[in-house]
Amino acid sequence: DTAVSQTPKYLVTQMGNDKSIKCEQNLGHDTMYWYKQDSKKFLKIMFSYNNKELIINETVPNRFSPKSPDKAHLNLHINSLELGDSAVYFCASSQWGPGNEKLFFGSGTQLSVL
Amino acid sequence: GQQVMQIPQYQHVQEGEDFTTYCNSSTTLSNIQWYKQRPGGHPVFLIQLVKSGEVKKQKRLTFQFGEAKKNSSLHITATQTTDVGTYFCAGRGSGGYQKVTFGTGTKLQVIP
């Protein structure tokens, strides 16, 4: 059983298209995250949800819209894709509360915008 | 905003040599974590340090948290080819909402 699963694993698309990435965790965690890893391997937090409520929203273009239908799911929709959006997107989850920041990552979605 | 830098960016070592990566935060951290990402893989949690000056060991890996809680180090004794990967420190600042900022990472190559 995969603890944090995200789909698709690979996504190749044209500039201007809209795409979604889905994430699900079966760990019973309250908090989920989206991280972006660029070509230099820098990992940057994009969003965080706690019990379906958005709690962290970094400086991310409005074209990126996260949605959490329930605390086990966190999806990421990207409108009007640009070349610079090419990266690996990781979903992660953790328990809530000080000292509970241990992150469990999904296997990543490699997005290539052509 | 909070910045977390790691040095070196890359390290090549002969198998059996030791390896150390250093992590420095621009602000005081509540805690620090270390993750390992194998090539093509995802970050995997290794350990969390909370107390000032804390030292923890996991087999050949030794983790330290600085006295001022602004820096940390990971030392690997007698590296093996299985140690290959990128090592990230990640720190939570004193603010709320569990924002964990990742360091810039150190990519380790082990030459057999």
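Residues numbered from 1 in each chain as written. Chains lettered and ligands numbered in written order. Predicted model: local features only at pLDDT ≥ 70, side-chain atom pairs only at ≥ 80, totals over all residues. Heavy atoms only, no water.

1. A short note on the sheet that holds strand β8 (residues 73–78) of chain A
All names here are of chain A.
Next, step 1: Spatially, the four strands line up as an open sheet ordered β1-β3-β8-β7, and their pairing is antiparallel. Each edge of the open sheet is held by one strand with a lone partner, namely β1 (4–7) and β7 (64–70). For this sheet the average axis-to-axis angle between neighbouring strands, irrespective of direction, equals 15°.
Next, step 2: Two strands pair when backbone bridges link them, and β1 and strand β3 (residues 19–25) are joined in this way by four bridges, in the antiparallel orientation. Bridge pairing in β3 links Ser 5 to Glu 24. (Pairing = 2+ DSSP bridges. Helix = DSSP H or I, 4+ residues; strand = E, 2+ residues; numbered from the N terminus. Axes fitted to C-alpha atoms, helices over the stretch in contact; angles between N-to-C directions.)

2. Details of the environment of Ser52(B)
Residue and element names in this part refer to chain B.
Next, step 1: Position of Ser 52 among the secondary structure elements: in the loop between β5 (44–49) and β6 (55–58).
Next, step 2: The class for Ser 52 is partly exposed, based on a relative accessible area of 36%.
Next, step 3: Reaching out from Ser 52, the side chain makes a polar contact with the backbone oxygen of Glu 67 at a distance of 2.5 Å. (Buried < 20%, exposed > 50% of the residue type's maximum accessible area, 1.4 Å probe, protein only. Polar contact = N/O pair within 3.5 Å; in protein donor to acceptor, adjacent residues only side chain to side chain.)

3. As for the pairing of β5(B)
Next, step 1: Sheet topology note: the strand β4 (residues 31–37) of chain B/β5(B) ladder contains five bridges and is antiparallel. Paired with Gln33(B) across the two strands is Gln48(B), which belongs to β5(B).

4. A word on the interface of chain B and chain A
Next, step 1: Each partner contributes to the interface: chain B provides 17 residues, whereas chain A provides 24 residues.
Next, step 2: For the pairing of chain B and chain A, the buried interface totals around 1800 Å² over both sides, and the portion due to carbon and sulfur atoms is 58%.
Next, step 3: Viewed at the interface, chain A and chain B are joined by one salt bridge.
Next, step 4: The partner of Glu58(A) in a salt bridge is Lys99(B), and the shortest N-O contact between them spans 2.9 Å.
Next, step 5: Mapped onto the side of chain B that touches chain A, the elements with two or more residues apiece are β4, β5, β9 (85–92) and β10 (100–102) of chain B.
Next, step 6: With four residues, β4(B) is the largest single contributor of residues to the side of chain B that touches chain A. (Contact = heavy atoms within 4.5 Å. Buried area = accessible area lost by both parts, 1.4 Å probe. Salt bridge = Lys/Arg side-chain N within 4 Å of Asp/Glu carboxyl O.)

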